[in-house]
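# Survey of secondary and tertiary structure
Single-letter residue listing:
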Amino acid sequence: MENRIIDQQLDLLRDKLLLLGGTTEKALQRAMQSLTERDSELAQKVLKEDKIIDQMELDIDRFSIEILALQQPAAHDLRFVISVAKITPILERIADHASSIAKAALILNNEPQLKQYVDLPKMAENAAEMLRSALDAFTSEDAQTSRLIIKQDKIINEAYKRIFNELIEIMIDNPTTTNSAAQLLFVAKHLERIGDYVKDICELNVYLTEAAFIKHSGKKSL
Amino acid sequence: MPSKISVSNLNFFYGKDQALYDISLEIPEREVLAFIGPSGCGKSTFLRTLNRMNDTIPIARVEGKVLINGIDIYSKKTDVVALRRKVGMVFQKSNPFPKSIFDNIAYGIRINRLYQGKTDLEEKVEKALKDAVLWDEVKDRLNTSAFGLSGGQQQRLCIARALAVEPDIILMDEPASALDPIATQKVEELIVQLKKDYTIVIVTHNMQQAGRVSDKTAFFMLGKLIEFNATQKMFMNPNEKLTEDYITGRFG
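Predicted model, so just to flag it, every value in this text is computed and none were measured.

## What to know about the interface of chain A and chain B
Tallying the contact residues gives ten residues for chain A and 13 residues for chain B. Split by residue class, the side of chain A that touches chain B holds five nonpolar, two polar and three charged.

## Here's the deal with the pairing of strand 7 (residues 169-173) of chain B
All names here are of chain B. With five of five residues buried, strand 7 is to be regarded as a mostly interior element. Side chains I169, L171 and D173 project from strand 7 onto one buried face, and the interleaved I170 and M172 project onto a second face that is buried too. Relative to strand 7, strand 6 (residues 87-90) runs parallel, the two being bridged by four bridges. Bridge pairing in strand 7 places V90 opposite M172. Sheet topology note: the strand 7/strand 8 (residues 199-203) ladder contains five bridges and is parallel. Note that in strand 8 the partner of D173 across the bridge is V203. Handedness of the strand 7-helix 7 (residues 181-194)-strand 8 crossover: right-handed.

## A look at the confidence of the model for chain B
Atomic detail in the predicted coordinates should be set aside for any region of low pLDDT. All names here are of chain B. Looking at chain B, pLDDT values average 95 and 99% of them are 70 or higher. The weakest mean pLDDT in chain B belongs to helix 7 at 93; the strongest belongs to strand 10 (residues 224-230) at 98. Scored as a whole, the predicted complex attains pTM 0.85, and scored at its interfaces, ipTM 0.76.

Criteria and thresholds
- Residues numbered from 1 in each chain as written.
- Chains lettered and ligands numbered in written order.
- Predicted model: local features only at pLDDT ≥ 70, side-chain atom pairs only at ≥ 80, totals over all residues.
- Contact = placed C-beta atoms within 7 Å.
- Nonpolar A, V, L, I, M, F, W, Y, C, P; charged D, E, K, R; others polar.
- Buried ≥ 20, exposed ≤ 12 C-beta atoms within 10 Å, placed from the backbone.
- Helix = DSSP H or I, 4+ residues; strand = E, 2+ residues; numbered from the N terminus.
- Pairing = 2+ DSSP bridges.
- Right-handed = clockwise from strand over helix to strand, strands pointing away.
- pLDDT = per-residue confidence, 0-100.

Quick look at the structure:
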C-alpha cells in the first residue's frame, strides 16, 4: 500500500515537531541576540513567544497519543511516534532555557556591560548548531551524525568550565560586578544544559533508526 | 528447555501445488506461539500439519519431520486419533455439537473412556468448563442446548471440549476472529491462563492479539517462514523487512 492512513498522520507529526524545533532554535538565537545587542524589547518577545511553544508541546502530546490509540503503530512507526513524544518536551525545555537567558538579558541590559561578549556567543552558536544538526539528523534518520553530535557536547562543557573560571575571577577582582557576573554564569549554565538536551535528542534518533538504547551506556555505544 | 514441538524441513503439497517450503522451527513447552501472515500464506496449513488434520485431504502430501515430545507424528506407528486427542484444535467458527452443554464436554471423555463412573465424569466436565472459565456462566443450565450460548461462550465451550480429553497442545485457528471485543478479551485471557498447563499455537490476523497473548511469533508468506522471533522483537524491531512491512500494513 503506497498511501497508508498512518503515513499522513506520521508526516503531520513530523511537521509539527520540526515547527517546534524551528521555533525553539529561533527562541535561543533571539535570546542570545537580546543579550549581545542589549535589546530588551527582543528579550520580551522571547518570553512572550514561549507560551506559543508550550501550546505546541501540548498539541504534539495530544496528537502522539491519538496516533498511538487509533493507528496502533508497530516497529519503525511505533519508534517514530515514541521518539517524537519524547523529543517534544526536550525541545520545550530548551525553549525554557532560552526564556531564562532572555530574563537574564533583561537584568544585564540595565547594568553597564561587564565585558565584551565573545565566549558566550561562541558557546551559544555551538549549542544552536548542535540543535539544528540534531533535528536535521532526526529528519533524515541519520544515526551516524547523531553519534557525532553527541561527542560535540564536550566542546560546550569545556567552554562552560572556561567561562565559569573567568567569571569567578572577575567577581573576586571586583566584587561590584557580582550581580552581572552571576547572571552571565546562569546564561552559561543554561547553554551547557541545552547541550545535554541536544544529546538526548540524538540518543532518541539512534533509538528511532536502530532500535538501540544508547542512553546511560557510556562511550562504547558511540 | 526441550522443544515440545520440533519441525524440521517440512514441505507440504496439495497435489502438485506446494503450500509450505522447508519449514523448520522449535516450539518450547508451555509457551504461546502466534502464526501471522497474509491470507493464503500457509499458516493454517502449517497449523494443521501439527495434528495431521491435513490427512483428511486426499491429495495432501507431507515431507519432512514433525516431532512432538520427541516422537515423529508422521511415522506409520502413530495412532492419529490419540495424536489428535493430545493435540487439540479450536476453529475460527465455534462448532458445538447439537447437544446439551454437558454432553458437548462429556462426548470426548466418554468415547475415549477417560472416566470411572458418573461422578468422575461430572467432575471432569466441571473441571474442563472451569479451565475454560465458562463454569460460572453455565453451571445452572448444563442440560440446555449448547446453541443457546452466545458466540463467545460457544467458542469457550469448544475450548473446554478440547481441554476435556486432556491434551498437551492446543491449536487455535483464528479463535476470536468472529467474536466481539469483550468475548475476544475473554478468549485472550483464557489463552494466557492456559499457558500454565498447555503449549498453545494460535493463528491470528489480529496483530495486537498476537502481541497481547504470544511469547513468540512466526511470520509466514507464500508458504515460507520469513521470521520466527520473540513477539516483543517482532513488533518493536523485526529482523526482516518483509515482517516490518507486513505488521505495519505496508504491503501492496
